[in-house]
Each structure stands twice: as structure tokens, then as C-alpha cells.
Amino acid sequence: MYVFKEAFFTVRENREIFLGFGLEHGEDAASFYRSGDERVLDERIAISQGAGEGVNLLLDLLEQTGKGLDKRSNIRLDGSQGFLYAELYPSDKWYDAGIIPAEVRGYRLAAETFSLSTPGGFTSYGSKIQVGCLDKNGRFIRGGESDLTERNCLLAVFAALAAQFAARQEENGMAVSDEYFRRPRIESFVTFCERFYQANKTKDYFIEYKNAADYRGDAESMDALFAPRVKKAVLPPAPPVPKAALRGEDAAYTAFQSEDFLPDYRARIPVCPKGAALAAALYPVLRAIGSGRCTAFLQYGRPGSGKTANILTICAMLRLPVVETVYASENTDETLLGKYLPTKNGLVFKETGFTGAVRGGGAVVIEDIHLARPGALSFLHGLLEPDGFVRLDDQTVVRRHKNFRLFATFVPEWPAAGGPGAALLDRFDIVYKAVGPTDEELVRLIKDRVPGAASAEFAVKVYRKLAARFERDAPDTGLSARTLLSWVRLAADIGYPAAAELTLLGAACGDEALEALIRSVVASYSW
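1. Points about the environment of Thr332
Line of reasoning, step 1. The topology assignment puts Thr332 in the loop between β7 (322-327) and β8 (338-343).
Line of reasoning, step 2. Residues Thr332 and Leu377, spaced 45 residues apart in sequence, show a C-alpha to C-alpha distance of 8.7 Å.
Line of reasoning, step 3. Excluding residues that lie within four positions of it along the chain, Thr332 makes contacts with Tyr327, Ala372 and Ala376.
Line of reasoning, step 4. Within the structure, Thr332 has its side chain in polar contact with the backbone nitrogen of Ser329 (distance 2.8 Å).

2. Remarks on the packing of helix α10 (residues 283-291) against helix α11 (residues 307-318)
Line of reasoning, step 1. One way to put it is that α10 packs onto α11 with a least axis distance of 10 Å and a crossing angle of 55°. On the basis of their axis angle, the class for α10 and α11 is oblique. Relative to α11, the crossing made by α10 is right-handed. Contacts between α10 and α11 involve Tyr283, Val285, Leu286, Ile289 and Gly290 on the former and, on the latter, Ile314, Met317 and Leu318.
Line of reasoning, step 2. A class-by-class count of the residues in the contact of α10 with α11 yields seven nonpolar, one polar and no charged.

3. Looking at the sheet that holds β7
Line of reasoning, step 1. On the basis of which strands lie adjacent, the open sheet formed by five strands has the order β7-β10-β13-β6-β14 and parallel pairing. In the strand order of this sheet, the two ends are held by β7 and β14 (430-433), each with one partner. Going across the sheet, the axis of each strand differs from the next one's by a mean of 15°, ignoring polarity.
Line of reasoning, step 2. Two strands pair when backbone bridges link them, and β7 and strand β10 (residues 362-367) are joined in this way by five bridges, in the parallel orientation. Paired with Glu324 across the strands is Val364, a residue of β10.
Line of reasoning, step 3. Running at roughly 145° to strand β13 (residues 404-410), α10 makes contact with β6 (296-300), β13 and β14 of the sheet.
Line of reasoning, step 4. Sheet strands in contact with helix α12 (residues 353-360) are β7, β10 and β13, and its direction is about 140° off that of β7.

4. Here's the deal with the pairing of β10
Line of reasoning, step 1. Burial analysis of β10 places six of its six residues in the buried class, which makes it a mostly covered element.
Line of reasoning, step 2. Residues Gly362, Val364 and Ile366 line one face of β10 and the alternating positions Ala363, Val365 and Glu367 line the opposite face, and both faces are buried.
Line of reasoning, step 3. The pairing of β10 with β13 spans five bridges and is parallel. Counterpart to Val365 in the pairing with β13 is Phe407.

5. Describing the nonpolar core
Line of reasoning, step 1. Core analysis: the largest hydrophobic core is formed by 63 residues, its most contacted members being Leu109, Phe189, Val190 and Ile207.
Line of reasoning, step 2. Counting residues per element, this core draws most heavily on helix α5 (residues 153-166), at 13 residues.
Line of reasoning, step 3. Apart from residues no more than four positions distant in its own chain, Leu109 is found in contact with Leu84, Tyr85, Ala86, Ile129, Gln130, Val131, Ala156, Val157, Ala160 and Ala212.

6. Section: the pairing of β13
Line of reasoning, step 1. Counting buried positions along β13 yields seven of seven residues, so the element is predominantly enclosed.
Line of reasoning, step 2. Along β13, one buried face is formed by Phe404, Leu406, Ala408 and Phe410 and the opposite face, lined by Arg405, Phe407 and Thr409, is buried too.
Line of reasoning, step 3. In terms of strand pairing, β6 meets β13 through five bridges, oriented parallel. Looking at the pairing, Tyr300 lines up with Phe410 of β13.

7. Description of the packing of helix α15 (residues 439-449) against helix α17 (residues 481-494)
Line of reasoning, step 1. Between α15 and α17, the least distance of the axes is 11 Å, while the angle of their chain directions is 50°. Considering the angle they form, α15 stands oblique to α17. The interaxial crossing formed by α15 with α17 has right-handed handedness. Counting all contacts with α15, which are made through Leu442, Leu445, Ile446 and Arg449, the residues of α17 involved are Ala481, Leu484, Leu485, Val488 and Arg489.
Line of reasoning, step 2. A class-by-class count of the residues in the contact of α15 with α17 yields seven nonpolar, no polar and two charged.

8. A look at the pattern of salt bridges
Line of reasoning, step 1. In total, this model carries 10 salt bridges according to the counting rule given.
Line of reasoning, step 2. Between Glu351 and Arg359 there is a salt bridge whose closest N-O contact spans 2.4 Å.

What counts, and where the lines are drawn
Residues numbered from 1 in each chain as written. Predicted model: local features only at pLDDT ≥ 70, side-chain atom pairs only at ≥ 80, totals over all residues. Heavy atoms only, no water. Helix = DSSP H or I, 4+ residues; strand = E, 2+ residues; numbered from the N terminus. Contact = heavy atoms within 4.5 Å. Polar contact = N/O pair within 3.5 Å; in protein donor to acceptor, adjacent residues only side chain to side chain. Axes fitted to C-alpha atoms, helices over the stretch in contact; angles between N-to-C directions. Parallel < 35°, antiparallel > 145°, perpendicular 65-115°, else oblique. Left-handed = near helix turned anticlockwise from the far one by under 90°. Nonpolar A, V, L, I, M, F, W, Y, C, P; charged D, E, K, R; others polar. Pairing = 2+ DSSP bridges. Buried < 20%, exposed > 50% of the residue type's maximum accessible area, 1.4 Å probe, protein only. Core = buried A, V, L, I, M, F, W, Y, C linked by side-chain atoms within 4.5 Å. Salt bridge = Lys/Arg side-chain N within 4 Å of Asp/Glu carboxyl O.

Quick look at the structure:
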């Protein structure tokens, strides 16, 4: 079976490639492909759902293993014998999305390279591949050839072959796979998938549904091959703040004046929430934003780490209007700056608040910048240069106002999150890791926002215990200070245990194990 070619004829009703940056089966992705000399190719590049999801399954398995979340998955490669053995145990996200049947909890696969020569001198290279499904106890699920597709065994085949491809330097796999493993982005995903396809499209694979025998050899394991490479690029920690700057209440900063902004924008100056306090480490940032030494400020961190609260507090203290907030997604497009709208006088170009802030001053906030397609934010490169400007679709050039400020956030642990990209990241004046408020700050926040709240200290202890567990077991979500406040506020009426059912449990997103943990931790305190 020429499985890579056949994959283009097999697609689910939902054509989207799972964890594939919104790309669909067979979609032309040539604009995202990067050749070795950084040229964008003109030819059409399409990605099949099977191969694309196999690449993403491999990345997910490597991350699960590298983070110590699940050590069962393993891939062993014996280059001298052309042998591959794999045990793959997908994470829950593949079942939640309906990609893999619920009864299949893992796969066992063994592949052996072979070559067939024809009288005409043509040699076909491929592999004999045995692959079988495993139940929750690790036992082989008996079945027939139909199980290859019905139980999505081909997904496991693609994941194992992607590991084999990535480990072979001679096929130019290491460079592109390393880039994708370290910082998953749409460009590195497309490039990896395309070169993976080109390296395998002429190979004939004999695939059978069978209980593959355990591997007893000494071939290199997945840990040895990939662990050093799967670690994502981590942004540098914030530099230590001089002791003089730690006295936040004594630090002087310059706030804006009302006349610095257009009248329509003055009403958009946020009000500093009661009890909100700026972390001492952010006072140098506050001063830099107020003085103009910082035009663009990027924060990264887990959900609930206080990124948005930091932005609103800084803007409130500086009296800087938040002209527009953009919630980035895969549907974010170039109309952020404006678009043509039909009127009785024909099509007229209508600017957005984003362009208004660039033209007249004010703040723009881009939440979850990692979720936007790279092309949708390409205009930021020119905007954040020293003499920044944007060119609108009507060809108008808008120079950046001296009082324009850009704030952005992203979550590195988010599925398929690659961050803003190295070129754009380099244009932010300050990059800061948000770590959230301290216990003392949370207690003070509760007492300020919920006067008379009982057991605030106990509530914060429960919050910390649960937040640590969420960070380990549910990196895609998190508990925020907002959830904590909602819990304490409702507890004033119905008590902490009952209030937890209506507030804290929502953060578990239906995960029964996390829900049970929340109940047990809350019940361990005498409220």
C-alpha cells in the first residue's frame, strides 16, 4: 500500500486536521512552506489528514513523555537492521475530540524495511508493518483487516513513520522536525509534513492488523533519540529587578494626561479594580511604558497567571485608554486594521479601533496572540519598528502615534502553541513571564473584593493545592484569581463546599478525576 498517497483519499466528515493550526485535509498550504533557502515555493502543497495528525500525535507523545505525564509510550529504531518498534498511548485529547475510538487505549507496532527490485531495474523500498490495538489493560484487541481504518490504526502508523523520518539525518528530517518539536508553528508543521510526504510517497508498505511481538533488542529508544530535542524553546526569565525598584509604592512614574488622547478614547481609560496591586517587578515596566521607552509589552504564562489583570492595572495607573482588545483565533485575519463596507455611495474603507489607536494614541491588547495565523499579524513587524507604520488596504499609510502602546499575551503550554514567532518576538521591547499574585496578595484581594469573607487564608491554600495539580495534569487550563473570588463570594451564601460545586468544578472541564480531587481537597478543611 502506498499509504501516503492513499491517505489523500481517506478523510473524516470533519476535514480539519486535529491540532493542525486550522488547516484542512487537502488544503493548499504552500504559503506556509519554507524551503531550505527560506524561499516560499509557488507550487501547491497539500497535507492529508492522516499524515498531518500522525505528525501531531508524535509530538503529543513526545511531550507527554518529556514532561513525565505518561512514560508508557516508546519508539525504538534499529538503523542497521531497518527495524522499528513502537508502543503508543495517546493522551485524552485524542479521545475527547473523537479521533480515536474510546475502547482503543494504545497501539503496538513493528515494522521491518524491505526492497523489491523489478526486471527493469526499478527498486521499491518499503516496510512490512504489523500494527494492533490495545485495550485499557494493554492487551491486544482481536479483529480483522477492517480494524486498520475503523480503529484508526493508520494514525499510529503515520506517527511511528514520522519518528523514523525525524531520526534520519540523511533524509533531512532532523532539522525540520527539531524546529517543529521545539516551537510548533504552522510554518514548521507544514514544512515537516511536506518533507515527510516527499520522503515516503514512493514507498510501498505492506500493513496488516496483527499483535506485534514485543521487542527485546537494544535499539535506541524514543527517550534517547528525542528527549534532548523535544524541549520547547523557553523564553528567558525576567531579569532581576534592582532592590531600589522593589519599593513599588515609592517608584515614580509619569501618567498620561486626558488631552494626550482623542475625546472619544478618554472614556476608555480602565478603572483600577479595588484591591488590585501591581507586582514590584512590574514597576520598571510601568515606568518604561509611561515614558515611551517601551512601545510593545508581551506577557506569557499559564491561564490564570494574571496577564490580563496586569495589563488593566498598568493602563489604569498610567491613565492609558484601552482602545481595542483583540481575542486572537484561527479566524483572525488582516481586517484587524479595517475593511471595505458597502454603503449607498459604494464600497467605503472603514478603519477599526486598532488603526484609530495607531493614528491617535492609546492601547491595543491582543489576547492569546499564539492562536492567530501568522499572516494575519504580519503588519506588526513594520508597526513595531522604530519608525513604525501600517499600510491599510486602501493604500493609506498610518504612522504610529507617540502614545500608541501594544500589549499582547500568550500561553506557551497551549496545544499547538508556538508563541508569536522569533521575528515578531524580537520586536517586543519587554517580554515578561507572568507568575500571578502571591498568597498575601490573594488574601488581601479577597478581603478587598468580598468584605467580611470568612476563611480567606484557607481558601487560598485550597486554591494553591489545586492550581499545582492543574499545572501538572491539565496544562491546557488553569485556575485563576477570578475563579477564586467567585468561589469565596458565593460561599458567603451557601458555604464553601457547595460553592465549589458551582465554581471550582467548572475549571475541570468535565474531567472526573479532577472533579473528585477538587471535592476531596475542599472537604479536607473545616469551613
